[in-house]
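Fold and contact review
Okay, here's what each chain looks like letter by letter:
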Amino acid sequence: RKFAEAKDAYSKGLELDASNAQMAGGLKECEAALSGAGAGGPMGSMGSMFSSPEMWSKLAANPKTRDYLQQQDYLEKMRAIAADPNKLGSHMNDPRILESMGVVMGVNIFSGDNVKDAMGGAGFTEGSGGSRAAAPTPPPEPTPEPEPEMTEEEKAAKQSKEAALAEKEKGNAAYKAKDFDVAIKHYDAAIALDPKEISFLSNRAAVKFEQAKYAESIEDCEKAIEVGRENRADYKAIARAMTRIGSCHVKQGDLDQGIYWFNKALTEHRNPDTLKKLQNAEKEKKDSEVKAYINPELAAEEKAKGNECFKSDDYPTAVKHYTEALKRLGPDGEGRHLIYSNRAACYTKLFGLNEALKDAELCIEIAPDFVKGYTRKAAAQFFMKDYDKALASYHKGLDVDATNDECKDGVRRCMEQINKANSGQLTEDEMKQRQERAMANPEVQEILGDPVMRQVLNDMQQDPKAAQTHMQNPGVAAKIQKLVNAGIIQVR
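What you see is a predicted model; the values in this text were computed from it and never measured.

Cut-offs and rules
Residues numbered from 1 in each chain as written. Predicted model: local features only at pLDDT ≥ 70, side-chain atom pairs only at ≥ 80, totals over all residues. Heavy atoms only, no water. Core = buried A, V, L, I, M, F, W, Y, C linked by side-chain atoms within 4.5 Å. Buried < 20%, exposed > 50% of the residue type's maximum accessible area, 1.4 Å probe, protein only. Helix = DSSP H or I, 4+ residues; strand = E, 2+ residues; numbered from the N terminus. Contact = heavy atoms within 4.5 Å. Axes fitted to C-alpha atoms, helices over the stretch in contact; angles between N-to-C directions. Parallel < 35°, antiparallel > 145°, perpendicular 65-115°, else oblique. Left-handed = near helix turned anticlockwise from the far one by under 90°. Nonpolar A, V, L, I, M, F, W, Y, C, P; charged D, E, K, R; others polar. Salt bridge = Lys/Arg side-chain N within 4 Å of Asp/Glu carboxyl O.

What about the nonpolar core?
Residues Ile-225, Met-242 and Ile-245 are the most contacted members of the largest nonpolar core, which totals 22 residues. Elements with a contribution of two residues or more to this core: helix H9 (180-193), helix H10 (198-210), helix H11 (214-230), helix H12 (235-251) and helix H13 (255-268). Ile-245 has contacts with Ile-218, Cys-221, Glu-222, Ile-225 and Trp-261, leaving out every residue within four places of it along the chain. Ranked by size, the runner-up nonpolar core spans 21 residues in total, among them Tyr-10, Leu-14, Met-23 and Val-104.

Here it is as structure tokens:
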């Protein structure tokens, strides 16, 4: 019966490939076995092949059957067939035996898809004892649930949205091409098809902004915000509309409204671009206010009032008038250094020494050849008891005007205080305060942090003669004098 099945399999194979010599040979063998030809009973020469000594060597040499030799049940079946070839038929349901038969006969009976097709498409898996069982059939894929049937109204709404999106894309393309009239035409069509979509209104507002139609752009943005609120649009989209309103107001010159809308947009979404627009608007507003306030004539009047108050020792009122004069002059007004100098003198009288120092430095920055800037700075430093700094400022003043009596007197007074400290005439607390101020001085810190100067100071302490040698170096001498003036080194 199995030879009949094998014959059918060969016949089907030859129908597919009539020129296959191996299948033709196998077909003849099966027909011979079925007809009882050859020795060995009904199995004929095919059965005798399994009793041939060459069988095992052929099976071991073939990569398909080599692994079968490690399976005990397979070996038992093959030995039973070798002992009695007539038992071949009882084992023909095992695909391994069919493959082995092909290898022994030298033909490819069943392999790959041929075996699967011959077995009716069923797969085989190894079971207990090496037998093969049919693989389970995979479950059928679930049938997708049909989409719910849409009403005619829903279908119409869907088609309108799709058409609106198509119009929007055309509008975007025209916008990028700077063809603003065409862009507006497409955005109008999109809005007519889907009036609940915020982006269509926002995009049309962007086009009108580019056309400098700021009032119309604001109107579209306000409508976009209203539509967005009603339809729960993304807060980012609403913030964009608010930002554009702010930009329109800035373009119209209304900075207050621009700042208002930028702040409002930031409460919806803290966008870096909106924040930058806000900062720019605030700066522009401040600059415009400063510019609008400038009036040189009023500045001169305020300065004169400040001078009168200074002469009458009304320093707080003088500061008020000088400050107003600076505002009226503006950041680039002529004569600002004179007002800074006068206000620095007022602050010094009021012992607002830090403010006095700042004004003096601004005076020097504006007019570095104005000697009073240096005397104002030196005076503030002197009253701060930074005598070494005050001395340096007076010297810079003398560089500008070597005949200036105030600078000369300032140098004398600073040296008196420095010599007084070096001669031990200060109290312990005064000395401590002086050294603390000196250690806070960046120049002193730099000198003390210099390894070369530390070695110089160590040499001077160990060998007084070394001091004379080091003082011959101008750079070293200047640094040592700086430390002496600061109270770090005392000279007896």
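Details of the packing of H11 against H12
Viewed as axis vectors pointing N to C, H11 and H12 meet at an angle of 160 degrees, and their least axial separation amounts to 9 Å. Of the possible angle classes, the one that applies to H11 and H12 is roughly antiparallel. H11 and H12 meet at a crossing whose hand is left-handed. Residue-level contacts link Tyr-214, Ser-217, Ile-218, Cys-221, Glu-222, Ile-225, Gly-228 and Arg-229 of H11 to Ile-238, Ala-241, Met-242, Arg-244, Ile-245, Cys-248, His-249 and Lys-251 of H12. Broken down by class, the residue content of the contact of H11 with H12 amounts to nine nonpolar, three polar and four charged.

Things to note about the packing of H12 against helix H14 (residues 272-293)
Where H12 meets H14, the closest approach of the two axes is 11 Å, and the angle between their N-to-C directions is 25 degrees. Looking at the two axes, H12 sits roughly parallel to H14. Relative to H14, H12 is oriented so that their crossing is left-handed. Residues Thr-243, Ser-247 and Val-250 of H12 touch H14, and the partners they reach there are Thr-274, Lys-277, Ala-281 and Glu-284.

Regarding the environment of Ile-447
Along the chain, the position of Ile-447 falls in helix H23 (residues 442-448). On the basis of relative accessible area, Ile-447 is assigned to the buried category, the value being 8%. In this structure the C-alpha to C-alpha distance between Ile-447 and Ile-480, which are 33 residues apart in sequence, comes to 8.8 Å.

Side note on the pattern of salt bridges
Where charged atoms of side chains with opposite charge meet at close range, the side chains can pair. For the structure on display, the rule yields 19 salt bridges. Between Glu-416 and Arg-412 there is a salt bridge, with its nearest N and O atoms 2.8 Å apart. On the criterion of helical spacing, the pair formed by Glu-416 and Arg-412 is a turn pair, its members being four residues apart in helix H21 (residues 405-422). The network of salt bridges with common partners includes Asp-188, Arg-204, Lys-208, Glu-216 and Asp-220.

Concerning unusual backbone geometry
Notably, Lys-178 is not glycine yet its phi reads approximately 65 degrees, a positive angle. Inspection of the secondary structure assignment puts Lys-178 in the loop between helix H8 (152-176) and H9. For Lys-385, which is not glycine, the phi dihedral falls at a positive 65 degrees. As for its placement among the helices and strands, Lys-385 is situated in the loop between helix H19 (371-383) and helix H20 (387-400).

Don't take any of this as a statement about function, it's just geometry.
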